[in-house]
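An overview of the molecular structure
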Amino acid sequence: MAAEQNEKLALRVQLMPRDTNPLGTVFGGVILSLIDQAGFDEARRHGLHRWVTVAFHGVEFKRPVRVGDRVSLFTRTIKTGTCSVEVGVRVEAHRFQSEEVVEVTSGSLTMVSVDADGHSIPFSSPPTLATPEGQDL
Ligand SMILES: CC(C)(COP(=O)(O)OP(=O)(O)OC[C@H]1O[C@@H](n2cnc3c(N)ncnc32)[C@H](O)[C@@H]1OP(=O)(O)O)[C@@H](O)C(=O)NCCC(=O)NCCS
């Protein structure tokens, strides 16, 4: 499992029996949820704000993911605007019972930085989140 140029590893997780659909393979919604989390990880690099997902683009499930597979989510910033960042996500599965690594899913999502009221704000503005100690950054 290796990152391609301009990508970074955002998330790695092993899929469990609870993540399956009635066919016994991993439910696509679980992968979408992981993509959402990976997108946040990438967006956060552009500013310490609340980030919300406004759209998924072209997500393609190319191969099934199975119980026990370890999936790695690699992200890269495709495009930046004023309040939005489009993040590309590529998902690889390291099969449970072999050394095989396959690309299983790819796509992108657009994240938008918002204020405490949920209104979009430029992500280049000063951080709007508080530290764990409760002090404003
Ligand atoms: C995200 C949200 C705040 C955007 O509101 P909005 O009124 O469209 O905000 P703006 O018009 O200021 O647009 C903000 C940015 O989002 C982008 N954007 C809005 N809708 C988009 C879409 N469907 N696809 C891609 N980008 C979009 C705009 O182009 C703009 O980008 P820029 O500032 O970089 O040029 C609003 O749609 C929202 O709250 N959505 C729900 C988010 C959420 O709850 N997500 C979790 C899923 S349950």
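Note that the structure is a prediction, hence the values are computed from the model and not measured. (Residues numbered from 1 in each chain as written. Predicted model: local features only at pLDDT ≥ 70, side-chain atom pairs only at ≥ 80, totals over all residues.)

**Observations regarding the overall build of the chain**
Across its full length, the chain carries one helix and five strands. For the chain, the N- to C-terminal ordering of α and β elements is β-α-β-β-β-β. Dimensions along the principal axes, computed over C-alpha positions, put the chain at roughly 45 × 30 × 25 Å. Looking at the chain as a whole, 29% of its 137 residues qualify as buried. Within the chain, contacts between residues at least 6 apart in sequence are counted, and of these 68% link residues at least 24 apart. (Helix = DSSP H or I, 4+ residues; strand = E, 2+ residues; numbered from the N terminus. Buried ≥ 20, exposed ≤ 12 C-beta atoms within 10 Å, placed from the backbone. Contact = placed C-beta atoms within 7 Å.)

**Concerning helix H1 (residues 28-44)**
The periodicity of an α-helix, 3.6 residues per turn, causes residues three or four positions apart to be oriented the same way. With 17 residues, H1 extends 24 Å between its outermost C-alpha atoms, agreeing within 8% with the 24 Å of an ideal straight helix rising 1.5 Å per residue. Buried residues along H1 sit against strand S1 (8-14), strand S2 (50-61), strand S3 (70-80), strand S4 (84-94) and strand S5 (101-114). (Expected span 1.5 Å × (residues − 1).)

**Quick notes on the site of the ligand**
As a structural note, the neighbourhood of the ligand is formed by 13 residues, with Gly81, Thr82, Cys83, Ser84 and Ser120 the closest of them. Contributing elements (two or more residues each) for the shell around the ligand: S2 and S5. Here the shell around the ligand gets four residues from one element, more than from any other, and that element is S2. (Near = placed C-beta within 6 Å.)

**A short note on unusual backbone geometry**
Positive phi, close to 70 degrees, is recorded for Asn6, a residue that is not glycine. Structurally, the position occupied by Asn6 is in the segment before S1. Using a count of 11 C-beta atoms within 10 Å as the deciding quantity, one classes Asn6 as exposed.

**Description of the sheet that holds S3**
In spatial order, the strands read S1-S3-S4-S5-S2; together these five strands make up an open sheet with antiparallel pairing. Where the open sheet ends on each side, the last strands, each with one partner, are S1 and S2. Neighbour-to-neighbour, the strand axes of the sheet open up by a mean angle of 25 degrees, direction not taken into account. As paired strands, S3 and S4 are joined by 10 bridges and run antiparallel to one another. Residue pairing in the sheet places Thr80 in a bridge with Val85 of S4. On top of the sheet, H1 reaches S1, S2, S3, S4 and S5; it is set at about 50 degrees to S3, its chief contact. (Pairing = 2+ DSSP bridges. Axes fitted to C-alpha atoms, helices over the stretch in contact; angles between N-to-C directions.)

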